[in-house]
2 protein chains.
Amino acid sequence: MIQTPYLLFLGDAPDALAAKVAQGIKDWRPEFAVGQFRMEGCRADMGLPDLTIAEAKAAGVKTLVIGVANRGGVISPAWKKVLIEALEQGLDLASGLHNLLRDEPELVAAAEANGRALHDVRVPSVDYPIANGKKRTGKRMLAVGTDCSVGKMYTALCVEKEMRARGLKASFRATGQTGILITGDGVPLDAVIADFMAGSIEYLTPDNDADHWDLIEGQGSLFHVSYSGVTLALVHGGQPDALVICHEPTRPHMRGLPDYTPPSLEQVRDTALLLARVANPACVAVGYAINTQHMAEDEAKAYLADVETKLGLPATDPFRFGAGKLVDALEKI
Amino acid sequence: MIQTPYLLFLGDAPDALAAKVAQGIKDWRPEFAVGQFRMEGCRADMGLPDLTIAEAKAAGVKTLVIGVANRGGVISPAWKKVLIEALEQGLDLASGLHNLLRDEPELVAAAEANGRALHDVRVPSVDYPIANGKKRTGKRMLAVGTDCSVGKMYTALCVEKEMRARGLKASFRATGQTGILITGDGVPLDAVIADFMAGSIEYLTPDNDADHWDLIEGQGSLFHVSYSGVTLALVHGGQPDALVICHEPTRPHMRGLPDYTPPSLEQVRDTALLLARVANPACVAVGYAINTQHMAEDEAKAYLADVETKLGLPATDPFRFGAGKLVDALEKI
C-alpha cells in the first residue's frame, strides 16, 4: 500500500502523453495530487502547484510518484538527484517503470539510510494464493475488451466515480501499473506467476458488503493471443456478476498483431459470458463502453445509438458522455 | 537442456506413486533410463539395474534425475549425501521438486567445485518473448482437458509413440515438470510470468517441417477457474491445428474445487474450438482421449463406444487401448 498524498514527478517529460500516469492520478484521485515537480525541458503540466521537495514535505506529501515514462529505459542522473533528495527529505518513492527503483544502488542506499520505501508497482509484492473458486459476497463488475488498450481502466474508474456520486459503495480494483499508482493499491497482473493469476484476483476482490461493488480493471482481451490467458484469469478469478464490454471502433487490427482482425462486440459478449458463467452462472452483460476519442461527437453518438439498437443494451463513452447508463443497468442487479 | 542418459534416483520412496516421475521416464524414454538408485526403505522399483553412482558414471550416465517426490518438502540429509556424491563423480542433477536444488548451499558448492549443472525444471531458465501470433509452419496437436490431471500428458506421449511407430515426424512438447524431466526439455508453464505465457509456447513449438507434428502437453482446463488462464495461453500460443479432448469420467467434481461440476465433452470441444480458431481458423477437434483407469475393461469399452456414437469422433483410452484411432484422424489433416 502506497502512502498518500502524492507529489507527481513529471521530470523532463517530452510531451503530455509521456506523463499519462500523472494525468491519471490527477483525473481520478485529485485529492492525492498535492503538487507537481517539473525539471528543465518538461513539456507536461497537470495544472497543479509546482512544489520543491521541501514544500511538498511541508504540505504533507508522503510519496513522490514517478508520473512519467523515462526515455530510453534509463533512470537518468538528473532524475536520480531529485529522487535522492525526496528520500532524504522523508518521502517514499513509487514507480511503474520497467527499470526498477530497487535496481538502482544509489536509491536503495538513500532509502535505507532514511528509512523510506521504494515501491516498484510493476513487480508483485505479495505471495498470492492459488484460486479456490469459492463464491464471495458483494458484487463485482469486470471490464472486458475487444482488444488491449481500449479503455477498460477508464471505464471502471468512470463507473466508480458515478457510483460514488450516487452514494453507492464502490471500489475500483486496479490490475495494472497505472491503476495501482492511481489508487495506491492493486495487483500487477501481467507480472504474476501463471499459477497464481486467478488467485491474485480473488485476493484483490475479497468478500465485501452485499451492496458493495468491486469495479475490476480488465487486461488484454480473450481475443488477443498474446495476453488472453491473463484476461481469462480475470474472468474466472474476478467471478463477475456483470460484464461491461469495452471497444475502440476505429482500430484496423488487434494491437501489435497486424494479422488479427478485432472481434465483434457480439463475439466478445458471448465468449466472455460463456466463460464467466463457469465461475458465476448468474453473470450478465450490462452494456457497452465505447472509446470514441477518434470520432467526432455526432459520429460518436450515432455509433452508440446503433450499438444500442443492434445489441439491445446501453452503450456510452463513459469518459466523454458519462457512465450513467452503465450504472443504471448495474443498479438493477 | 538436460544431458541424457539418466540415473533415476528413487531415494526412500514410500510407494510406487511417489516415484511417478521416474516411472514416466522409464515408460516414455526407456533409452534414457540406464539404471536406478534406491536408498534404504525404498518401496518403489522401476525394474532397472540398481547402480552405484560410480557404476552409473561408468555406464555413460550424464544426469541424476530426482524421480521421486520428497517427504515434507525437505531435501533430507540422507538424500543430500547421494546428490553430492553424484556431483563429485561428474553427474549433473535434475529435479522438479518445489524445494529447489539451487537453494541448497551444499549442492551449489559441490556443483561449482565440480563444474556440474543443477537443473530445477520448476523454474523457467529462458526469457520468453511476448507472443506475436504469427502463423508457424508444421502441424500442432494440443491436448485439452475437462479438468486438471485427466491424462493430457500421457495422451500426447501416446500419440507421439504411435506416430513414431508409423514413421511420422513427431515431437512431444512438454509444458510441465514431469514432461520436462521425461524429455529433457520444455516450458514449465505454470511458473512463467503472465505476460509471457503464450510467447513461451510459441518458443516451445517453433516453425518446423510441413509434415512434422508437435504434440503439445496440455495444462489445466478452460473450465478450471484456478488455472484456466494457463490453458488459454496454450490454446493461443500453441496455435493448434488439432485438438484432442481428454476426460476422466469418474470424477465427481473439478480437482480441488468441490463446488464445480466437470463440464461435458461437448462444452469443452465447443469452447476450446471457439477460442483456438482465434489463432488458427482451421483448427478442428479430432477425437477424445478417455482416461478409463478407474473402469473395468468392458465398462471402458462401452463408454468409448458411447462417446463415439454420441459425438461422432474417435474415442480411445490411448494408454490402455493405444492411440491408433487418434493418429488415424490426425493423419487426415
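Structural data are supplied above this passage.
Residues numbered from 1 in each chain as written. Chains lettered and ligands numbered in written order. Predicted model: local features only at pLDDT ≥ 70, side-chain atom pairs only at ≥ 80, totals over all residues. Heavy atoms only, no water.

A. Looking closely at the relation of the copies chain A and chain B. Taken as rigid bodies, chain A and chain B are interconverted by a rotation of 180° and an axial shift of 0.0 Å, the fit giving an RMSD of 0.0 Å. Within this description, the copies of the chain are treated as partners about a two-fold rotation axis. (Least-squares fit on C-alpha atoms with pLDDT ≥ 70 in both.)

B. Up close: the pairing of strand 9 (residues 242-247) of chain B. All names here are of chain B. Extensive coverage of strand 9 is indicated by the burial of six of its six residues. The alternating pattern of strand 9 places Ala242, Val244 and Cys246 on one face and Leu243, Ile245 and His247 on the opposite face, and all of these are buried. As judged from the six bridges shared by strand 9 and strand 10 (residues 284-290), these two strands associate in the parallel manner. Bridge pairing in strand 10 links Leu243 to Ala285. In terms of handedness, the path from strand 9 via helix 9 (residues 265-279) over to strand 10 forms a crossover that is right-handed. (Buried < 20%, exposed > 50% of the residue type's maximum accessible area, 1.4 Å probe, protein only. Helix = DSSP H or I, 4+ residues; strand = E, 2+ residues; numbered from the N terminus. Pairing = 2+ DSSP bridges. Right-handed = clockwise from strand over helix to strand, strands pointing away.)

C. Local environment of the pairing of strand 6 (residues 139-145) of chain A. Residues and elements named next belong to chain A. Taking burial as the measure, the seven residues of strand 6 include six buried ones, the bulk of the element. Pairing of strand 6 with strand 8 (residues 212-216) involves four bridges; the strand directions are parallel. Within strand 8, the position partnered with Arg140 by the bridge is Asp214. Across five bridges, strand 6 lies against strand 9 (residues 242-247) in parallel orientation. If you follow Met141 over to strand 9, its bridge partner there is Ala242.

D. Unusual backbone geometry, seen in detail. In this structure, Pro5(A) follows Thr4(A) across a cis peptide bond, with omega equal to 0°. Inspection of the secondary structure puts Pro5(A) in the segment before strand 1 (6-11). In this structure, Ser149(B) takes a positive phi of about 50° despite not being glycine. Relative to the helices and strands, Ser149(B) is located in the loop between strand 6 (139-145) and helix 5 (152-165). Within the chain, Gln239(B) stands out as a residue other than glycine whose phi angle is a positive 50°. When you line up the elements, Gln239(B) lands in the loop between helix 8 (228-238) and strand 9. Classification of Gln239(B) as buried rests on a relative accessible area of 1%.

E. Representation of the packing of aromatic side chains. Using the criterion set out here, one finds 14 aromatic pairs over all chains in the structure. Seen from their ring centres, Tyr128(B) and Tyr203(B) are 5.4 Å apart, and the 70° between their planes marks the pair as edge-to-face. Here the residue Tyr128(B) occupies a position in the loop between strand 5 (118-120) and strand 6, and Tyr203(B) occupies one in helix 7 (residues 197-204), the gap between them amounting to 75 residues. For Tyr128(B), a relative accessible area of 8% corresponds to the buried category. Taken together, the aromatic side chains of Phe9(A), Phe37(A) and Trp79(A) make up a single cluster linked through ring pairs. (Phe/Tyr/Trp six-rings, centres within 6.5 Å; stacked < 30°, edge-to-face > 60°.)

F. Representation of the pattern of salt bridges within the structure. Tallying each qualifying case throughout the model produces 44 salt bridges over all chains. The partner of Arg29(A) in a salt bridge is Glu160(A), and the shortest N-O contact between them spans 2.9 Å. With a gap of 131 residues between them, Arg29(A) in the loop between helix 1 (20-28) and strand 2 (33-38) and Glu160(A) in helix 5 (residues 152-165) connect regions that are remote in the sequence. Each of the two residues, Arg29(A) as well as Glu160(A), counts as buried. The residue Arg166(B) makes a salt bridge to Asp328(B) at a minimum N-O spacing of 2.8 Å. Here the residue Arg166(B) occupies a position in the loop between helix 5 and strand 7 (169-173), and Asp328(B) occupies one in helix 12 (residues 324-331), the gap between them amounting to 162 residues. For Arg166(B), a relative accessible area of 31% gives the class partly exposed. Taking the relative accessible area as the measure of exposure, Asp328(B) reaches 37% and is therefore partly exposed. A cluster of three or more residues bridged by salt bridges with shared partners is formed by Glu162(A), Arg166(A), Asp328(A) and Glu331(A). (Salt bridge = Lys/Arg side-chain N within 4 Å of Asp/Glu carboxyl O.)

G. Looking closely at the interface of chain A and chain B. Taken together, the contact between chain A and chain B spans 32 residues of the former and 32 residues of the latter. Between chain A and chain B the total buried area reaches about 2,800 Å² when both faces are included, carbon and sulfur atoms providing 62% of it. Where chain A packs against chain B, one counts 10 residue pairs in polar contact (both at pLDDT 80 or more). Secondary-structure elements contributing two or more residues to the side of chain A that touches chain B are helix 7 (197-204), helix 8 (228-238) and helix 9 (265-279) of chain A. Element by element, the count of residues in the side of chain A that touches chain B is highest for helix 8 of chain A, at six residues. When its residues are assigned to classes, the side of chain A that touches chain B shows 22 nonpolar, eight polar and two charged. (Contact = heavy atoms within 4.5 Å. Buried area = accessible area lost by both parts, 1.4 Å probe. Polar contact = N/O pair within 3.5 Å; in protein donor to acceptor, adjacent residues only side chain to side chain. Nonpolar A, V, L, I, M, F, W, Y, C, P; charged D, E, K, R; others polar.)

H. Region of interest: the sheet that holds strand 1 (residues 6-11) of chain B. All names here are of chain B. Pairing in this open sheet of five strands is parallel, and the strands run 2-1-3-4-5 from one edge to the other. The open sheet has two edge strands, strand 2 (33-38) and strand 5, and neither has a second partner. The average angle at which neighbouring strand axes cross in this sheet is 20°, direction not considered. The sheet contact formed by strand 1 and strand 3 (residues 63-66) spans four bridges and is parallel. Counted as the bridge partner of Phe9 is Ile66 from strand 3. (Axes fitted to C-alpha atoms, helices over the stretch in contact; angles between N-to-C directions.)

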